[in-house]
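If you want the building blocks of each chain, they are given just below.
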Amino acid sequence: MNTICPVCNGFADLRAACPTCKREAEDGGRLADYYDPYSAYRPIDEVRLTNGYPDVAARECLHKAYCANCGAAFVAAVPESEG
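Cut-offs used in this document
- Counting from 1, residues in each chain are numbered in the order their sequence is written.
- A pLDDT threshold of at least 70 governs which residues receive local features in this predicted model, and a stricter bar of 80 or more applies before side-chain atom pairs are shown or counted, although totals over entire chains, interfaces and linings include all residues.
- Only hydrogens and water are removed before side-chain values are computed, so all heavy atoms of the structure are retained for them.
- Secondary structure follows DSSP: runs of H or I at least 4 residues long count as helices, runs of E at least 2 residues long count as strands, and numbering of each begins at the N terminus.
- The cut-offs for exposure are 20% and 50% of the maximum accessible area for each residue type, with area from a 1.4 Å probe on protein chains only; residues under the lower value are buried, those over the upper are exposed, and the others partly exposed.
- The criterion used for residue contact is that any of the two residues' heavy atoms lie within 4.5 Å.
- The definition of a polar contact used here is a pair of N or O atoms within 3.5 Å, where within protein one atom must be able to donate a hydrogen and the other to accept one, and adjacent residues in sequence count solely through side-chain atom pairs.
- A pair of strands is labelled paired if DSSP reports no fewer than 2 bridges between them.
- Throughout this description, the term salt bridge denotes a Lys or Arg side-chain nitrogen within 4 Å of a carboxyl oxygen of Asp or Glu.
- Between 30 and 60 degrees the pair is tilted, below 30 it is stacked and above 60 it is edge-to-face, where a pair is any two Phe, Tyr or Trp rings, Trp via its six-membered ring, whose centres lie within 6.5 Å.
- Criterion for a charge above a ring: Arg CZ or Lys NZ at most 6 Å from the ring centre, at most 35 degrees from the ring normal.
- Residue types Ala, Val, Leu, Ile, Met, Phe, Trp, Tyr and Cys, when buried and joined through side-chain atoms within 4.5 Å, form a set referred to as a nonpolar core.
- Each axis is a line fitted through C-alpha atoms, and for a helix only the stretch in contact is used; angles between axes span 0 to 180 degrees, taken between their N-to-C directions.

1. Quick look at the environment of D27
Then, in step 1: Along the chain, the position of D27 falls in strand β2 (residues 26-30).
Then, in step 2: On the accessibility criterion, D27 (36% relative accessible area) is partly exposed.
Then, in step 3: The sequence separation of D27 and H63 amounts to 36 residues, and the corresponding C-alpha distance is 6.9 Å.
Then, in step 4: Setting aside chain neighbours within four positions, we find D27 in contact with V7, L14, H63 and K64.
Then, in step 5: Within the local environment of D27, its side chain forms a polar contact with the side chain of H63, the two groups lying 3.0 Å apart.

The structure is reproduced here in structure tokens:
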């Protein structure tokens with residue numbers, strides 16, 4: 001079954017609360033894009049199988065999130081939908 005990330009595909013905005021101050025965080029893009037200079041060009045599923053997170057089994061897309069209020073950076077899991 002194919003799934004897609006609604007945030008990556010522009011169907012929705014990231015909705016994630018900062019774990020430190022509980023304010024709404026900003027989307028920094030897919031977490032996998034931060035791994036190395038060429039990770040954005042690797043197949044998404046290839047990167048997901050080696051990232052150490054259970055995102056494939058949970059059908060989640062991991063995004064790097066930033067809090068403008070307190071400066072915290074964290075990983076936000078976005079539930080994927082059927083595509």
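Past the structure itself, the notes keep going.
2. Thoughts on the pairing of strand β4 (residues 73-79)
Then, in step 1: Burial along β4 is one-sided: the face carrying F74, A76 and V78 is buried and the face carrying A73, V75, A77 and P79 is not.
Then, in step 2: Between the antiparallel neighbours strand β3 (residues 60-66) and β4 lie six residues, among them G71 with a positive phi of about 85°.

3. Some points on the pattern of salt bridges
Then, in step 1: The tally for this structure, following the rule as stated, stands at two salt bridges.
Then, in step 2: Its salt-bridge partner being E24, residue R15 comes within 2.8 Å of it at the nearest N-O pair.
Then, in step 3: For R15, a relative accessible area of 64% gives the class exposed.
Then, in step 4: Residue E24 is classed as partly exposed on the basis of its relative accessible area of 48%.
Then, in step 5: For R30, the salt bridge identified is with D33, shortest N-O distance 2.7 Å.

4. As for the packing of aromatic side chains
Then, in step 1: Following the criterion strictly, the structure yields zero aromatic pairs and no others.
Then, in step 2: For the cation-ring pair, K64 lies above Y34, with the distance from its terminal atom to the ring centre recorded as 5.1 Å.

5. Section: the nonpolar core
Soluble globular proteins tend to bury their nonpolar side chains together.
Then, in step 1: In terms of nonpolar packing, the biggest core is built from 13 residues, with L14, A65, F74 and A76 touching the most fellow members.
Then, in step 2: Elements that contribute at least two residues to this core include exactly β3 and β4.
Then, in step 3: Considering every element that reaches this core, the biggest residue donor is β4, with three residues.

6. Considerations on the sheet that holds β3
Then, in step 1: Read from one edge of the open sheet, three strands run β2-β3-β4, paired in antiparallel fashion. In this open sheet, the two edge strands, each paired with only one partner strand, are β2 and β4. In this sheet, adjacent strand axes meet at a mean angle of 40° when their direction is disregarded.
Then, in step 2: Relative to β4, β3 runs antiparallel, the two sharing seven bridges. Bridged to Y66 within β4 is A73.

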